[in-house]
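Topology and contacts: notes
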There are 2 protein chains.
Amino acid sequence: MQISKGVEWAAHAAVLLSALPTGRGLKAEALARYHSVPGPYMAKQMQALSKAGIVQTARGKHGGYRLARPAGEITLWDIMTAIEGSKSAFTCTEIRQNGPCGATPEQCRKKCAIAAAFHAAEVAFRESLQAISLVEIAAGVAADSPRKHLRNVGAWLEKEAVAIG
Amino acid sequence: MQISKGVEWAAHAAVLLSALPTGRGLKAEALARYHSVPGPYMAKQMQALSKAGIVQTARGKHGGYRLARPAGEITLWDIMTAIEGSKSAFTCTEIRQNGPCGATPEQCRKKCAIAAAFHAAEVAFRESLQAISLVEIAAGVAADSPRKHLRNVGAWLEKEAVAIG
DNA sequence: CCATAATCGGACAATAAATATCCGAAATAG
DNA sequence: CTATTTCGGATATTTATTGTCCGATTATGG
């Protein structure tokens, strides 16, 4: 069980976008440069966020990405499913139906007990992530950073931000 | 995020072993045959359970696997970590330290807020799986199966089981 | 209105991990 | 002691992730 690295990058990028005022955004290259990650691969993650409706895009000169809705309505679960897809982590292959004592399909109307247990665990995981929005993350980051650092970030954003609407 | 197929197989195998009386077990080939899964790969999963101390082994003629402790003391989390390893699913690569506004290491004494949120979700996932032992799984399976099927399983086990001590 | 420049979007390799398999080491039974 | 049968670790094949490139699209400026 391994969460893709793209999820981490997309989450950081989304938090950065949440620091911008409404209607302003950043281009993919700037988002990659901010964290010193490979540009094209960062762009790939942003495309996934775009397809999921988490960010809005503008093409052409002065193009870029901005959040599609308020930061409080974007959770870490939204970002993770946008990157990794929404299929469940545990896939039951119904091996209980195989072999010399295989259960018949009508005996399997109820979900396999093992699959049900993993499903319940995944629900707990999902609900935990759904409780955290970009607002909470941004507040945590701000609380842990010195004023000087936040001013640097603000100046950098002011220099790089573009209007998207 | 994908849970390995080996986890499913190992869990089913462990549940099957839990149906045997203390001191009796099954050889790897029988465990594979019961669910019609590839023998050598099933054996690989059993080796992982053995290294994790979940099952005891006996080699030579009349060898095989038996549970190393009572079924109530073996949780699905134990099985999953035995197969997949115990490293966390989300790995923080500290990209906040990179780039033009990178945070200095001493600003990073607290864990990154994003990593902390994923860590909390993983804790919820883990605690959910730790609450389910082989006893609960076996009880669920028994409740969902007709008597006739359970008799078939019992007869098959009686035929295949070996004494391991 | 048209050419231009700069952006996003989807298609294309390289790498790492999971899946499946084989052969040697070890231990018991006779 | 010998032979048989088993587990254990090392070895290929397939799949998913990571990383990269070039074409489609759009606002800009003349």
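Chain A is annotated in an unreviewed UniProt entry as BadM/Rrf2 family transcriptional regulator of Parasphingopyxis lamellibrachiae.

Side note on the environment of Ser 88 of chain A
Along the chain, Ser 88 of chain A turns up in the loop between helix 4 (76-84) and helix 5 (113-130). The spatial distance from the C-alpha of Ser 88 of chain A to the C-alpha of Glu 122 of chain A is 7.6 Å, given a sequence separation of 34 residues. Apart from the residues within four sequence positions on either side, Ser 88 of chain A is in contact with Glu 122 of chain A together with Gln 2 of chain B. Among the polar contacts listed, one links the side chain of Ser 88 of chain A to the backbone oxygen of Phe 90 of chain A, at a separation of 3.1 Å.

What to know about the protein's contact with DNA strand C
Of all residues adjacent to DNA strand C, which total 22 residues, the nearest are Lys 27, Ala 28 and Gln 47 of chain A together with Ser 4 and Arg 59 of chain B. A share of 68% is what sugar and phosphate atoms reach among the atoms of DNA strand C within 4 Å of the protein. A distance of 2.6 Å separates a phosphate oxygen of DNA strand C from a polar atom in the side chain of Lys 27 of chain A. Broken down by secondary-structure element, the contributors of at least two residues to the surface near DNA strand C are helix 3 (39-51), strand 2 (55-58) and strand 3 (64-67) of chain A together with helix 1 (5-18) and helix 3 (39-51) of chain B. It is helix 3 of chain B that provides the largest number of residues to the surface near DNA strand C, a total of three residues. Counted by class, the surface near DNA strand C contains seven nonpolar, nine polar and six charged residues.

Re the pattern of salt bridges
Using the criterion set out here, one finds 14 salt bridges over all chains in the structure. Measuring nitrogen to oxygen at the nearest pair gives 2.7 Å for the salt bridge that ties Glu 29 of chain A to Arg 33 of chain A. Of the two residues, Glu 29 of chain A and Arg 33 of chain A are both situated in helix 2 (residues 28-35); the distance of four residues between them amounts to about one turn of the helix. Judged by relative accessible area, Arg 33 of chain A falls into the partly exposed class, the value being 31%. The residue Asp 144 of chain B makes a salt bridge to Lys 110 of chain A at a minimum N-O spacing of 3.6 Å. Within this pair, whereas Asp 144 of chain B is found in helix 6 (residues 134-144), its partner Lys 110 of chain A is found in the loop between helix 4 and helix 5, the two belonging to separate chains. Take Lys 110 of chain A: its relative accessible area is 54%, and that puts it in the exposed class. A single network of salt bridges, built from pairs that share partners, joins Lys 27, Glu 29, Arg 33 and Glu 160 of chain A.

Some remarks on the pairing of strand 2 of chain A
All names here are of chain A. Relative to strand 3, strand 2 runs antiparallel, the two sharing four bridges. Directly across from Gln 56, in strand 3, lies its bridge partner Arg 66. Adjacent in sequence and paired antiparallel, strand 2 and strand 3 are bridged by five residues, among which Gly 60 carries a positive phi angle near 75°.

Observations concerning the confidence of the model for chain A
Residues of chain A with pLDDT of at least 70 account for 100%, and the chain-wide mean is 94. Here strand 4 (residues 162-163) of chain A is the element of chain A with the lowest mean pLDDT, 90, and helix 5 of chain A is the one with the highest, 97.

Regarding helix 3 of chain A
Residue and element names in this part refer to chain A. Compared with the 18 Å implied by 1.5 Å per residue over 13 residues, the 19 Å span of helix 3 between its first and last C-alpha is a close match. Among all positions in helix 3, only Met 42, Ala 43, Gln 45, Met 46, Ala 48 and Leu 49 are buried. Next to the buried residues of helix 3 lie helix 1 (5-18), helix 2, strand 2, strand 3 and helix 4. Residue Gly 53 follows helix 3 closely and has a positive phi angle near 80°.

Some points on the interface of chain A and chain B
By a widely used convention, the size of an interface equals the accessible area lost when the partners come together. Counting residues at the interface gives 56 residues for chain A and 56 residues for chain B. Buried area between chain A and chain B, both sides added, is near 5000 Å², and the carbon and sulfur share of it is 69%. Its largest share of buried area at the contact with chain B, chain A owes to Met 1, Ile 95 and Cys 101 of chain A, together 16% of the area lost on that side. Taken together, the connections running from chain A to chain B amount to two salt bridges. Our count for the contact surface shared by chain A and chain B stands at twelve residue pairs in polar contact (both at pLDDT 80 or more). Counting only elements with at least two residues in the side of chain A that touches chain B, the list comes to helix 1, helix 2, helix 4, helix 5, helix 6 (134-144) and helix 7 (147-160) of chain A. Classifying every residue of the side of chain A that touches chain B gives 33 nonpolar, 14 polar and nine charged.

Cut-offs applied
Residues numbered from 1 in each chain as written. Chains lettered and ligands numbered in written order. Predicted model: local features only at pLDDT ≥ 70, side-chain atom pairs only at ≥ 80, totals over all residues. Heavy atoms only, no water. Helix = DSSP H or I, 4+ residues; strand = E, 2+ residues; numbered from the N terminus. Contact = heavy atoms within 4.5 Å. Polar contact = N/O pair within 3.5 Å; in protein donor to acceptor, adjacent residues only side chain to side chain. Near = heavy atom within 4 Å. Nonpolar A, V, L, I, M, F, W, Y, C, P; charged D, E, K, R; others polar. Salt bridge = Lys/Arg side-chain N within 4 Å of Asp/Glu carboxyl O. Buried < 20%, exposed > 50% of the residue type's maximum accessible area, 1.4 Å probe, protein only. Pairing = 2+ DSSP bridges. pLDDT = per-residue confidence, 0-100. Expected span 1.5 Å × (residues − 1). Buried area = accessible area lost by both parts, 1.4 Å probe.

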